[in-house]
Amino acid sequence: MGQSMVGLVQNETVKLLRRRRFLVVVLILAILIPIFTYAQYRSVVTAQERMGTTDWRPLLTQQIVDMQNRLASSRLPEEWRDFIKIRIQQQQYYLDHDINPMAPGGPTFARGFMDQAISMFLPMIIVVLAVDLVSAEFSEGTIKLLLTRPVRRWKVLTSKYITMLLFTSLTVLTTLILAYLISGVVFGYSGWDLPILTGFEVTDGELTTTGAFMLPQWQFLLMQYGLGWFVCIVVGTVTFMVSVLVRSAAAGMGIMMAALISGTILTQMASSWESSKYLFVVNLQLTDYLNGTLPPIKGMTLPFSLTVLSVWAIAALVVAYLVFTRKDVTS
Amino acid sequence: MAETVLSVKGLKKAIGGKPIIHDITFDVYAGEVFGFLGPNGAGKTTTIRMLVGLAKADGGDVRIADISLQDRFPEAIAQVGCIVENPELYKFLTGRENLEQFARMSGGISTQRIEEIVRFVDLERAIDDKVKTYSLGMRQRLGIAQALLHRPKILILDEPTNGLDPAGIRELRQFIRRLAEEEGLAVFISSHLLSEIEMMCDRVAIISQGKVISVGVVNELMEQFADQVEWTIPLSHMEQAASVLREIKAVTEVWQSGEERLKTRMDIEQVSAVNQTLVGKGVPVTGIATKTVTLEDLFLTLTGGGKEHGTEHGGTRTK
Ligand SMILES: Nc1ncnc2c1ncn2[C@@H]1O[C@H](COP(=O)(O)OP(=O)(O)OP(=O)(O)O)[C@@H](O)[C@H]1O
Ligand SMILES: [Mg+2]
């Protein structure tokens, strides 16, 4: 009776692919990324027109001189001094390596794309992928065939969960590759080594730059897509639970969309409702911690958000397993 | 005696606090077709769901080939092939891909076995088409193929003839008889159609409102109820005829079955003797019809749907 997990995951993969779920995801990405690329291109062109010059070097040189002047002034606090030094290093790097910071390459676009996509766009795509992973078996009645095999229920569910993890990972990877390849057509493919500022910290609701440092863009991207992957896994896990609890794909989709959208609304207006920071949908914008954006609610840090997301995912998994292994199958 | 392939003892189930199944008990042996007969809502599907592990019983014991379904689910269910209600398969996959899915879940099933089973259910030509293009009959056959793929000891089918045309039903009937007689499989079939059970099954359990009312060999059960004779007698002599008939030993039961009609349950051999007695006592008998009891009569009698409404009892057919 040793049904290998590999065989079960293979079954689930065949079903997911033949239901064309992954194809839909890739198509959405392949259509939307060119649109975002074009929008980005327009904004670069407009910026250049506003400055009246296409030569960015004098502009950058001027910025460096300004910052050096500020450094010379003795009234500057010490931590500001360090931060400005790093900023100067960064600008100098651009000048030395002949990089126009206003005209991004493929890697920079991919970075900006993840910043924008992590809290809404990617989670929605993952919902499309995972929302009927379990519920379709119930609504189509095939659950009766699935559960009358010599395989325990928890194994059946595990094979589905593993498949969800696989395709979620594949989706994040595909996002990076497509963002890089498609935007590169317009912006070029260089910029992996571009220095990116990170390491900001928030203490008492204030952004401190004491720990700020520069990171080559490829490392930054790795961290960023790692966080994006984590967010997708959590959203995928919660969707997976909804798929166990709700029989109709439309209802599951509705629930998840409502959750994600209210998350976006809450992050914009919830600074007064502090305990909303324990909702998983408020903690999705993980890349902001890397960029040094102030968090929407006081007390939120990267470890805090990672913890909240992990707790939600674990709770969702526990509920999914408990319900799935106990549920009676009725028509 | 043949091996007991399915043994059900004291099965109970309540749904939403309402008891649906009370104390269902029966055994099914290898090589027999076992009918599970009951009207709509009797609890057939609910029972079958518990037999195949789709629902948990509140009490009682199910053993398949002497393996407890509750304690050793994978081993027990490996001996079962089933179609619960409709044969729902993955419509977006081909017939072959469907079978491959189940083969991977059961383990140890070769591609030759898949070929063999496809030939067995006569689906060779359509096996590489998507299931959504299949007719109901073809789906039914693919459903049977998936149920037999892993060589189970018992095949459990819930109302398998639903939606099939008469030719399809006949084909299925022959197919099921062949499985039991030639392959030695136990086949468990639920139905609300008495004629179907009568034609297909060796033994039957009759259930009503979640209780088994009777279990037995189909033919024996029917013999328990001696054959019936219907007498046509003028209204003026009805009461007299009835009291005369009740006196006669060979007659076990008498009731009025219609205007000018009296029915008796009795040995058919005795018809002319009884007729003579009636005529001798001055009862003018204007017609005699003998009828063989069908499972339908039996069923109505057992479930109490018959005798109280003697006049509605005329649904019997002459054989
Ligand atoms: N999920 C449920 N919730 C409440 N009651 C249910 C549920 N499932 C079944 N029942 C009740 O249990 C009883 C038995 O239903 P079941 O489907 O087992 O009957 P059946 O013998 O298969 O009938 P049919 O011939 O119509 O298929 C019915 O009275 C039904 O109302
Ligand atoms: Mg039923």
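Residues numbered from 1 in each chain as written. Chains lettered and ligands numbered in written order. Predicted model: local features only at pLDDT ≥ 70, side-chain atom pairs only at ≥ 80, totals over all residues. Heavy atoms only, no water.

### Side note on unusual backbone geometry
Residue and element names in this part refer to chain B.
Link 1 in the chain: Even without glycine at this site, Glu85 takes up a positive phi of about 55°.
Link 2 in the chain: Owing to a relative accessible area of 26%, Glu85 belongs among the partly exposed residues under this scheme.
Link 3 in the chain: With a phi close to 50°, Arg151 is a non-glycine residue in the positive phi region.
Link 4 in the chain: Take Arg151: it is sitting in the loop between helix H5 (136-148) and strand E7 (154-158). (Buried < 20%, exposed > 50% of the residue type's maximum accessible area, 1.4 Å probe, protein only. Helix = DSSP H or I, 4+ residues; strand = E, 2+ residues; numbered from the N terminus.)

### Comments concerning the layout of surface pockets
Residue and element names in this part refer to chain A.
Link 1 in the chain: Reported here for the largest pocket is a volume of approximately 860 Å³.
Link 2 in the chain: Taken together, 36 residues form the lining of the largest pocket, with Gln40, Pro101, Pro104, Thr108 and Arg111 sitting closest to its centre.
Link 3 in the chain: Mapped by element, the contributors of at least two residues to the lining of the largest pocket are helix H2 (21-51), helix H4 (78-96), helix H5 (106-117) and strand E1 (195-198).
Link 4 in the chain: Considering each element in turn, the lining of the largest pocket owes the most residues, eight residues, to H5. (1 Å grid on protein atoms, 1.4 Å probe; cavity = no way out; pocket = protein on both sides within 12 Å on 5 of 7 lines; lining within 4 Å. Points joined across faces, edges and corners; volume = space filled by probe spheres on them.)

### Some points on the environment of B:Gln79
Residue and element names in this part refer to chain B.
Link 1 in the chain: The topology assignment puts Gln79 in the loop between helix H2 (73-77) and strand E6 (80-83).
Link 2 in the chain: Spatially, the C-alpha atoms of Gln79 and Ser243 are 57 Å apart, while their sequence positions differ by 164 residues.
Link 3 in the chain: Residues within four places of Gln79 in sequence aside, it is in contact with Ile64, Ala65, Pro152, Lys153 and Ile154. (Contact = heavy atoms within 4.5 Å.)

### As for the sheet that holds strand E13 (residues 261-266) of chain B
For sheets, the rule is that strands pair by backbone hydrogen bonds, running either parallel or antiparallel.
All names here are of chain B.
Link 1 in the chain: A sheet is described by the order of its strands in space; here four strands give the open sequence E12-E13-E11-E14, paired in antiparallel fashion. With partners counted over all chains shown, the strands left at the sheet margins are strand E12 (251-258) and strand E14 (287-291), one partner each. Going from strand to strand, the sheet's axes swing by 25° on average, the running direction of each strand aside.
Link 2 in the chain: Relative to E13, strand E11 (residues 228-232) runs antiparallel, the two being bridged by five bridges. Looking across to E13, one finds that Val229 is bridged to Thr264. (Pairing = 2+ DSSP bridges. Axes fitted to C-alpha atoms, helices over the stretch in contact; angles between N-to-C directions.)

### Focus: the site of ligand 1
Link 1 in the chain: Near ligand 1, the surroundings consist of A:Thr330, B:Ile15, B:Ile20, B:Pro39, B:Asn40, B:Gly41, B:Ala42, B:Gly43, B:Lys44, B:Thr45, B:Thr46 and B:Glu159.
Link 2 in the chain: Of the chains in the model, those with residues near ligand 1 are chains A and B.
Link 3 in the chain: In this structure, an oxygen atom belonging to ligand 1 sits 2.5 Å away from a side-chain N or O atom of B:Thr46.
Link 4 in the chain: B:Glu159 is positioned with one of its side-chain polar atoms (N or O) 3.0 Å from an oxygen atom of ligand 1.
Link 5 in the chain: Protein contact buries 63% of the 640 Å² of open area that ligand 1 shows by itself.
Link 6 in the chain: When residues of the shell around ligand 1 are assigned to their parent elements, the largest contribution, three residues, is made by helix H1 (residues 44-51) of chain B.
Link 7 in the chain: The residue inventory of the shell around ligand 1, partitioned by class, reads four nonpolar, six polar and two charged. (Near = heavy atom within 4 Å. Polar contact = N/O pair within 3.5 Å; in protein donor to acceptor, adjacent residues only side chain to side chain. Areas by Shrake-Rupley, 256 points an atom, 1.4 Å probe, with all protein chains shown as cover. Nonpolar A, V, L, I, M, F, W, Y, C, P; charged D, E, K, R; others polar.)

### A look at the environment of B:Lys56
Link 1 in the chain: With respect to the secondary-structure elements, B:Lys56 resides in the loop between H1 and strand E4 (59-64).
Link 2 in the chain: Residue classification places B:Lys56 among the partly exposed positions, given a relative accessible area of 44%.
Link 3 in the chain: Residues B:Lys56 and B:Lys13, spaced 43 residues apart in sequence, show a C-alpha to C-alpha distance of 8.0 Å.
Link 4 in the chain: When neighbours within four sequence positions are excluded, B:Lys56 is seen to be in contact with A:Thr325, A:Arg326, A:Asp328, B:Lys13 and B:Met50.
Link 5 in the chain: Among the polar contacts listed, one links the side chain of B:Lys56 to the backbone oxygen of A:Thr325, at a separation of 3.3 Å.

### Focus: the interface of chain B and chain A
Link 1 in the chain: The partner chain A presents 34 residues to the 34 residues of chain B that form the contact.
Link 2 in the chain: For the pair chain B and chain A, the two sides together bury roughly 3000 Å², of which 54% comes from carbon and sulfur.
Link 3 in the chain: Seen at the junction of chain B and chain A, the total is three salt bridges.
Link 4 in the chain: Residues B:Glu97 and A:Arg18 are paired through a salt bridge, measuring 2.5 Å at the closest nitrogen-oxygen approach.
Link 5 in the chain: Our count for the chain B to chain A interface comes out at 16 residue pairs in polar contact (both at pLDDT 80 or more).
Link 6 in the chain: Those elements that place two or more of their residues in the side of chain B that touches chain A are H2 and helix H3 (95-106) of chain B. (Buried area = accessible area lost by both parts, 1.4 Å probe. Salt bridge = Lys/Arg side-chain N within 4 Å of Asp/Glu carboxyl O.)

### Remarks on the pattern of salt bridges
Link 1 in the chain: Following the criterion strictly, the structure yields 24 salt bridges over all chains and no others.
Link 2 in the chain: Between B:Glu116 and B:Arg113 there is a salt bridge; the shortest N-O distance is 2.6 Å. In this pair, B:Glu116 and B:Arg113 are both assigned in helix H4 (residues 111-120), three residues apart and thus about one turn of the helix distant.
Link 3 in the chain: For B:Glu116, a relative accessible area of 35% translates into the label partly exposed.
Link 4 in the chain: Here the salt bridges share partners, and the residues they tie into one network are A:Glu12, A:Lys15, A:Glu137 and A:Lys160.

### Topic: the environment of B:Asp122
All names here are of chain B.
Link 1 in the chain: By secondary structure assignment, the location of Asp122 is in the loop between H4 and H5.
Link 2 in the chain: Residue Asp122 is classed as exposed on the basis of its relative accessible area of 52%.
Link 3 in the chain: Once the C-alpha coordinates of Asp122 and Leu99 are considered, the two residues, 23 residues apart in sequence, prove to be 14 Å apart.

### Some remarks on the domain arrangement of chain B
Link 1 in the chain: The assigned domain composition of chain B is domain 1 (4-218) and domain 2 (226-292).
Link 2 in the chain: Between the C-alpha centres of domain 1 of chain B and domain 2 of chain B there is a distance of 45 Å. (Domains from an automatic or database assignment.)

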